[in-house]
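Residues per chain, in single letters:
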Amino acid sequence: LLQIASNNEAIRECKAATVAACVLRGEGYGLVYGQGYYAVPYGDSCNFILSYKGLLQLAIASGELCDIDVVPVREGELVGRNPRNKKPVFDFNVYKTEEEEKDHPVIGYMGYFEKKDGFYRSEYWTVDKLLSHAFRYSAAFKEETYKKLVSGELSEREVEKLKKSSPWYDIGGNQEMMMKKTVLRSMLNSGYLALADNVIQRAIVEDGKPL
C-alpha cells in the first residue's frame, strides 16, 4: 500500500479504504500489483482494474484450456469474411517477419481459445470498436480528452498525468494491453467457456467497479 501511494499522487488523494480494498481484491485472486491488477484513481476513490495478464492468468488457472491468446491484426491481414458464418478471415502469412509487420498499422485484435476437448472459439474487434467501448464504459477515459492527446494539444506534464489516470491514454504502451483485455474479457464472458468455480466471472463483474 505504501509503495502504491508513494508512486502515484492521484492515488494519495483517494480514500485510503478504497485503495486498500483494491489491493485486497487483487491479492485475493492471487495476482501481483502492477502486473495482474491495478488501482486506478477516479475522483476520491480507487477502482480495481484487472490487467490483460491478470485475466489471462485466471483463464489459464481454470484448467479447461490448452491455448488462449489475443493477437494484433495489421493492415492487409484481414482478407474477408467466411460466407457461411460471416466470421472474419485472416491471413497471417502476409508479412514474413516481425520487422516487415511493423511498417503496417494495427487495425484490430483477434482473440481465441481452444479447450482441451478441441472446442475452438475466436472473436475479432476493430480498434475503432475498442475505443468506442472504452469511451462508454471506462469512467476515467474521456473521448474529448483523448482527441486532444492524439492531436498533440496537451503538455508533457498533462500527458503523464493522463497515463497515470487510465492505461487507455498510454498510446503505444498499456493501451494495447487494455484492448487485448477487452477482447479477452468478451470471449470469456460469451458463455462458450464453462468455468467450474466462477472465479473469472466474479473477477469480470468486479473489474472497474467503484469501491
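Before reading on, note that the structure itself is shown above.
Just so you know, these numbers come straight off a predicted model, no measurement behind them.

Draft legend 1. How the structure looks around the packing of helix H4 (residues 52–61) against helix H9 (residues 174–188). Close contact between H4 and H9 brings their axes to 8 Å; oriented N to C, the two are set at 30 degrees. Between H4 and H9, the interaxial angle falls into the category roughly parallel. Judged by the sense of rotation from one axis to the other, the crossing of H4 with H9 is left-handed. Residues Tyr52, Leu55, Leu56 and Ala59 of H4 form the contact with H9, whose participating residues are Met177, Lys180, Lys181, Leu184, Arg185 and Leu188. Partitioning the contact of H4 with H9 into residue classes produces 7 nonpolar, no polar and 3 charged.

Draft legend 2. Local environment of the layout of surface pockets. The volume enclosed by the largest pocket comes to roughly 520 Å³. Contributing to the lining of the largest pocket are 19 residues, with Ala10, Lys161, Leu162, Lys164 and Ser165 lying nearest its centre. Sorting the residues of the lining of the largest pocket by element identifies helix H2 (9–12), strand S1 (37–42) and helix H8 (156–165) as the ones contributing at least two each. Among the elements that take part in the lining of the largest pocket, H8 stands out by supplying 5 residues, more than any other. Roughly 430 Å³ of volume is contained in the second largest pocket. Lining the second largest pocket are 24 residues, with Ile49, Tyr137, Ser138, Trp168 and Gly208 positioned closest to its centre. Listing elements by their share of the lining of the second largest pocket, those giving two or more residues are S1, strand S2 (45–50), helix H6 (127–137) and H9. Broken down by class, the residue content of the lining of the second largest pocket amounts to 13 nonpolar, 7 polar and 4 charged.

Draft legend 3. Structural view of the environment of Ile68. By the element assignment, Ile68 lies in strand S3 (residues 65–74). On the accessibility criterion, Ile68 (10% relative accessible area) is buried. For the pair formed by Ile68 and Gly34, sequence separation is 34 residues and the distance between their alpha carbons is 22 Å.

Draft legend 4. Structural context of unusual backbone geometry. The phi angle at Lys86 is positive, at roughly 65 degrees, despite the residue not being glycine. Tracing the sequence through the fold places Lys86 in the loop between strand S4 (78–81) and strand S5 (88–90).

Draft legend 5. Representation of the pairing of strand S6 (residues 106–115) within the structure. With 7 of 10 residues buried, S6 is to be regarded as a mostly interior element. When S3 meets S6, the two strands line up antiparallel, connected through 9 bridges. When the sheet's bridge partners are listed, Leu65 is paired in S6 with Lys115. As paired strands, S6 and strand S7 (residues 120–126) are joined by 7 bridges and run antiparallel to one another. Across the sheet, Gly108 pairs through a bridge with Thr126, a residue of S7. Connecting the antiparallel pair S6 and S7 is a turn made up of 4 residues, with Gly118 showing a positive phi of about 100 degrees.

Draft legend 6. Quick peek at the packing of aromatic side chains. A complete count under the given rule lists 13 aromatic pairs for this structure. When the centroid spacing of 6.3 Å and the interplanar angle of 45 degrees are considered together, the rings of Phe113 and Phe119 count as tilted. Residue Phe119 is classed as partly exposed on the basis of its relative accessible area, which comes to 31%. Ring centres 4.7 Å apart and planes at 15 degrees place the aromatic pair Phe135 and Phe141 in the stacked group. Assessed through its relative accessible area of 1%, Phe141 is described here as buried. Taken together, the ring pairs connect Tyr29, Tyr33, Tyr37, Tyr38 and Phe48 into an aromatic cluster. One Lys or Arg, Lys129, reaches over the ring of Trp125 and ends 4.3 Å from the middle of that ring.

Draft legend 7. Seen up close, the nonpolar core. Ile68, Leu184 and Leu188 are the most contacted members of the largest nonpolar core, which totals 47 residues. Among the elements that make up this core, the one with the highest residue count is H9 (6 residues). Once you skip the residues sitting within four places of it in the chain, Ile68 turns out to touch Leu56, Ala59, Ile60, Tyr112, Phe113, Leu184 and Leu188.

Conventions adopted
- Residues numbered from 1 in each chain as written.
- Predicted model: local features only at pLDDT ≥ 70, side-chain atom pairs only at ≥ 80, totals over all residues.
- Heavy atoms only, no water.
- Axes fitted to C-alpha atoms, helices over the stretch in contact; angles between N-to-C directions.
- Helix = DSSP H or I, 4+ residues; strand = E, 2+ residues; numbered from the N terminus.
- Parallel < 35°, antiparallel > 145°, perpendicular 65-115°, else oblique.
- Left-handed = near helix turned anticlockwise from the far one by under 90°.
- Contact = heavy atoms within 4.5 Å.
- Nonpolar A, V, L, I, M, F, W, Y, C, P; charged D, E, K, R; others polar.
- 1 Å grid on protein atoms, 1.4 Å probe; cavity = no way out; pocket = protein on both sides within 12 Å on 5 of 7 lines; lining within 4 Å.
- Points joined across faces, edges and corners; volume = space filled by probe spheres on them.
- Buried < 20%, exposed > 50% of the residue type's maximum accessible area, 1.4 Å probe, protein only.
- Pairing = 2+ DSSP bridges.
- Phe/Tyr/Trp six-rings, centres within 6.5 Å; stacked < 30°, edge-to-face > 60°.
- Lys NZ or Arg CZ within 6 Å of the ring centre and 35° of its normal.
- Core = buried A, V, L, I, M, F, W, Y, C linked by side-chain atoms within 4.5 Å.

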